[in-house]
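Examination of the molecular architecture
This is what each chain is made of:
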Amino acid sequence: MSTEHKITTQKVNFKVFRFNADEDYLPYYENYDMEVTSEEVVLDILNRIKWDHDGSFSYRRSCRHGICGACAIKVNGRSTLACKESMNDMVELFGNELVIEPLSKKRVIKDMIIDKADFWEKHDAVTPYLVAEIDENPQSENLVSPEDADKLDEADLCIQCGACHYACPAVEVNEDFFGPAAFAAAYRFSADVRDNSTSRLADVNEEKQGVWDCVKCFECAEACPKEINPIGKITKLHQMAFQEGIAKNNVAVRHAVGFKKSIMKNGVLDEGGLVLYSEGPAIVKHLPVAFRMFTKGKIVPPWGITKSENLDEIQKLVKSSSTAKF
Amino acid sequence: MEKLKYALFTGCTAKQSTPEQMMSTMAVADKLGIELVELTEASCCGASHLQDYDDFLSLVLNARNIAYAEKHGLTMVTICNTCQLNTAMTKHRLDNNEELKAKVNEKLAEVGLEYKGTSEVTHFLYAIIDDFGLDKLKEMVVTPLSQFNIAPFYGCHNIRPSELQNETHKSVENPYNPTSLDDLIIACGGETVDYDEKNKCCGFHVELQAPHTAAVLTGNAIAGAMDGNADWMVTPCPLCHLKLDTQTAHASEAIGREVELPVLHMQQMVGLALGCTPAELGLNHHLAKVDFV
């Protein structure tokens, strides 16, 4: 059997974001045409731009083994760990025109280098460490069972590269929002059986900054180079809020709970009823849009909602399967 | 070709806030000769929110919905991206975890049901592309949409997480470079508009709790399509449709620019190409006026 490994090459046009905050008023894009080999990763291209074309081109790199998170950038809008991402895969995905950009254009210092202060501030804000009274002279090891270690669900593999954070549309729009990486860190320690923090879960359940503002788009799950699935951790933090009894009686929480109530009543959702339950009297702010929808036949009155057939089955299952309390 | 037949999971909006989606689904199915058996026993999928509160209940209810498709011996077809995600995610979890499947089936047994894992789950978009076939659809087009620039808006839950969407339909597409909706537009004779926001979030799921975030995302999506010279947008997701069609005033205010475009359900677009009448497709139900037909 042949073990020959054939290296192939192909022409790629790179459109590279350039900006020097000390000199430039506006960013611009520089074009570089290169022959790319099937062996290369994106970081090799960044190196070649700097070494062969323009020594002033700037980017971060360190471990080259996908464990330090320094070299995260965007390729055609996709957050990417440059040292891990194969050029072949990029070309297969996007074709031979590739746009190289920093993780966040509005936070650029120079070329691919961004100011990650917001990322670290949010990371700090979730108490990203174990809170526990430590016996300085323990009689035995502080053992964690494999089952309890499994509960971390690999959240401890996060390398803080920022790929998910700067892929998150809610982070882009809401400067208070902690973002997926911070939530993954919050989950990592909240799920640790040794942790005794009393504030972390409350912090990540605050409106505007917390898990309730997640738009559920799964961009973070796609972007994560370590396959940590941050949105999965966000879902678990939601559930913890209910389990720990710290879920507040607010719009976001009632919105989640309202689904169970509506399903119990009709099987299908009563959309108007859900909004009323979630918003309470504040529902009046929706009236102008609701009126327009009504005139277009887009709103079904409460008496017009079709119930699921075999509703008794659904109601029985809701009663017997549900343990969540609010 | 043997007549295609699916178990239709309508979701909730098709029976309430997007009645035109139900109308156009049935009209297109009729034109294509696809038989849809409506799962009238189905409950709400939980819409990505119920599992935040009660994950196990969400699993049980979604498993029950699939169990009804299994009773018919049919592939389940959804017409909502979020229904698609929640149903496919349930199937993925149960098919890969015997212990969890047994726990769910313990509950379903209380009402005489069992989840076996025998029915596939797909979206009507992928049923048309994968099973019916775009070539065959092209042959049936009687009113090519050749005068229109159409902006596809994919909606998150059909394309992410990619590991799931790749399980639920045969034409594997990439979440960063999706093609299904573009292909459908081309098959209908239209021109596709390429714009950055086409595979981004519309903000629907935080409409109530984070209205500013939601409005900016909606505004950016419509603005992107407008800047791409789109005549109208098309989406396979009724939740995206609701956000893009009904929230333009908030979106305009949030991004400081007047934005509005007609936003058609993908079934309406296909229906137009197949010669259905605007009334059959419910085009009069939109807030952003559809004035090109």
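Residues numbered from 1 in each chain as written. Chains lettered and ligands numbered in written order. Predicted model: local features only at pLDDT ≥ 70, side-chain atom pairs only at ≥ 80, totals over all residues. Heavy atoms only, no water.

Under an unreviewed UniProt entry, the name given to chain B is Succinate dehydrogenase subunit C, and the source organism is Sulfurimonas autotrophica.

Chain A goes by Fumarate reductase iron-sulfur subunit in an unreviewed UniProt entry, where it is assigned to Sulfurimonas autotrophica. Word for word, the UniProt comment on chain A under Subunit (unreviewed entry) is "Part of an enzyme complex containing three subunits: a flavoprotein (frdA), an iron-sulfur protein (frdB), and diheme cytochrome b (frdC)." What the UniProt record of chain A gives under Catalytic activity (unreviewed entry) is the line "a menaquinone + succinate = a menaquinol + fumarate". (UniProt positions renumbered as here; feature names shortened; annotations may be inferred.)

When helices and strands are tallied, chain B shows 14 helices and eight strands. Its C-alpha atoms give chain B a radius of gyration of 19 Å, within 12% of the compact-globule value 19 Å for 293 residues. Here the C-alpha coordinates of chain B stretch approximately 55 × 45 × 30 Å along the principal axes. In chain B, which comprises 293 residues, the share counted as buried stands at 67%. Looking at chain B alone, contacts between residues at least 24 apart form 79% of all its contacts between residues at least 6 apart. Positive and negative side-chain charges of chain B, numbering 21 and 39 respectively, have mean locations separated by a distance of 5 Å. (Helix = DSSP H or I, 4+ residues; strand = E, 2+ residues; numbered from the N terminus. Rg over C-alpha atoms; globule rule 2.2 N^0.38 Å. Buried < 20%, exposed > 50% of the residue type's maximum accessible area, 1.4 Å probe, protein only. Contact = heavy atoms within 4.5 Å. Lys, Arg positive; Asp, Glu negative; His and termini not counted. Charge placed at Lys NZ, Arg CZ, Asp CG, Glu CD.)

A few words now on unusual backbone geometry. The omega torsion of the bond from B:Arg160 to B:Pro161 falls at -10 degrees, within 30 degrees of zero and hence cis. Looking at where B:Pro161 falls in the secondary structure, it is placed in the loop between helix H7 (156-159) and helix H8 (162-168). With phi around 50 degrees, A:Asn76 is a residue other than glycine that occupies positive phi space. When you line up the elements, A:Asn76 lands in the loop between strand E3 (72-75) and strand E4 (78-81). You can call A:Asn76 partly exposed: its relative accessible area is 24%. Residue A:Phe218 is not a glycine yet carries a positive backbone phi of 70 degrees. Within the secondary structure, A:Phe218 is located in the loop between helix H7 (200-203) and helix H8 (219-223). Classification of A:Phe218 by relative accessible area gives buried; the value is 9%.

All names here are of chain A. The side-chain alternation of E4 yields two buried faces, one formed by Arg-78 and Thr-80 and the other by Ser-79 and Leu-81. Pairing geometry for E3 and E4, over four bridges, is antiparallel. Following the sheet pairing, Lys-74 is matched in E4 by Ser-79. The antiparallel pairing of E3 with E4 creates a hairpin that spans two residues between the two strands, and Asn-76 there sits at a positive phi of about 50 degrees. (Pairing = 2+ DSSP bridges.)

Attention shifts here to the side chain of B:His205. Residue position: B:His205 is located in the loop between strand E6 (191-192) and helix H10 (211-227). In contact with B:His205, not counting residues within four places along its chain, are A:Val215, A:Lys216, B:Ala47, B:Ser48, B:His49, B:Thr82, B:His157 and B:Leu239.

Before going further, it helps to spend a moment on the packing of H10(B) against helix H12 (residues 248-255) of chain B. Residues and elements named next belong to chain B. The N-to-C vectors of H10 and H12 enclose an angle of 90 degrees; their axes lie 7 Å apart at closest approach. If you check the angle between H10 and H12, you find them roughly perpendicular. Across the interface between the two elements, His-212, Ala-215, Val-216, Thr-218, Gly-219, Asn-220, Ile-222 and Ala-223 from H10 touch Thr-248, His-250, Ala-251, Ala-254 and Ile-255 from H12. Across the contact of H10 with H12, the residue classes break down as seven nonpolar, six polar and no charged. (Axes fitted to C-alpha atoms, helices over the stretch in contact; angles between N-to-C directions. Parallel < 35°, antiparallel > 145°, perpendicular 65-115°, else oblique. Nonpolar A, V, L, I, M, F, W, Y, C, P; charged D, E, K, R; others polar.)

Moving on, we come to the environment of B:Leu239. Within the secondary structure, B:Leu239 sits in helix H11 (residues 238-246). Between the alpha carbons of B:Leu239 and B:Lys198 there is a distance of 15 Å; along the sequence they are 41 residues apart.

Contact with chain A, which involves 61 residues of that partner, is made by 67 residues of chain B. Approximately 5800 Å² of surface area, both sides summed, lies buried where chain A meets chain B, with 60% of it carried by carbon and sulfur atoms. Area buried by chain A at its contact with chain B is led by A:Lys216, A:Glu222 and A:Lys298, which between them contribute 12% of it. Here chain A and chain B share six salt bridges between them. As a salt-bridge pair, A:Glu219 and B:Arg160 come within 3.5 Å of each other at their nearest N and O atoms. Counting residues per element, the side of chain A that touches chain B draws most heavily on helix H10 (residues 251-266) of chain A, which supplies eight residues. Grouping the amino acids of the side of chain A that touches chain B by side-chain chemistry returns 30 nonpolar, 15 polar and 16 charged. (Buried area = accessible area lost by both parts, 1.4 Å probe. Salt bridge = Lys/Arg side-chain N within 4 Å of Asp/Glu carboxyl O.)

A few words now on a negative patch on the surface. Among the surface-exposed residues, A:Glu147, A:Asp150, A:Glu154, A:Asp156, A:Glu227, B:Glu163 and B:Glu167 lie close enough to one another that they form a single negatively charged patch. Elements with a minimum of two residues in the negative patch: helix H4 (146-150) of chain A together with H8 of chain B. (Patch = residues over 30% accessible without salt bridge, like charges linked within 9 Å, V, L, I, M, F, W, Y side chains within 5 Å. Areas by Shrake-Rupley, 256 points an atom, 1.4 Å probe, with all protein chains shown as cover.)

Residue and element names in this part refer to chain B. Within the open sheet, the four strands sit side by side as E2-E1-E3-E4. Their pairing is parallel. The strands lining the two open edges of the sheet, one partner per strand, are strand E2 (35-38) and strand E4 (121-123). Taken over all neighbouring pairs, the strand axes of this sheet differ in orientation by 40 degrees on average, direction set aside. Pairing of strand E1 (residues 5-9) with strand E3 (residues 76-78) involves three bridges; the strand directions are parallel. Directly across from Phe-9, in E3, lies its bridge partner Thr-78. Sheet strands in contact with helix H3 (residues 55-72) are E1, E2, E3 and E4, and its direction is about 130 degrees off that of E3. Here helix H4 (residues 81-95) sits on the sheet in contact with E1, E3 and E4, set at roughly 160 degrees to E4.

What follows covers the UniProt feature "domain: Cysteine-rich" (unreviewed entry) in chain B. Mapped onto this numbering, the UniProt entry annotates "domain: Cysteine-rich" (unreviewed entry) at residues 6-85 and 151-245 of chain B. A helix fraction of 51% and a strand fraction of 14% characterise residues 6-85 of chain B, whose end C-alpha atoms lie 18 Å from each other.

Each domain of chain A was delimited in the assignment, giving domain 1 (9-114), domain 2 (117-132 + 147-243) and domain 3 (254-321). Centre-to-centre separation of domain 1 of chain A and domain 3 of chain A, based on C-alpha positions: 48 Å. (Domains from an automatic or database assignment.)

Attention now goes to the domain arrangement of chain B. All names here are of chain B. Taken domain by domain, chain B holds domain 1 (5-122) and domain 2 (134-285). Relative to domain 2, the C-alpha centre of domain 1 lies at a distance of 23 Å. On the domain 2 side, the residues contacting the 27 residues of domain 1 number 34 residues. Counting each side, the surface lost to burial between domain 1 and domain 2 is near 2500 Å², with a carbon and sulfur contribution of 63%. Per-residue buried area on domain 1 facing domain 2 is highest for Glu-20, Lys-31 and Asn-81; these three make up 26% of the total on that side. The interface formed by domain 1 and domain 2 contains nine residue pairs in polar contact (both at pLDDT 80 or more). Looking at the side of domain 1 that touches domain 2, the elements with two or more residues in it are helix H1 (19-32), H4 and E4. In the side of domain 1 that touches domain 2, the residues fall into twelve nonpolar, 13 polar and two charged. (Polar contact = N/O pair within 3.5 Å; in protein donor to acceptor, adjacent residues only side chain to side chain.)

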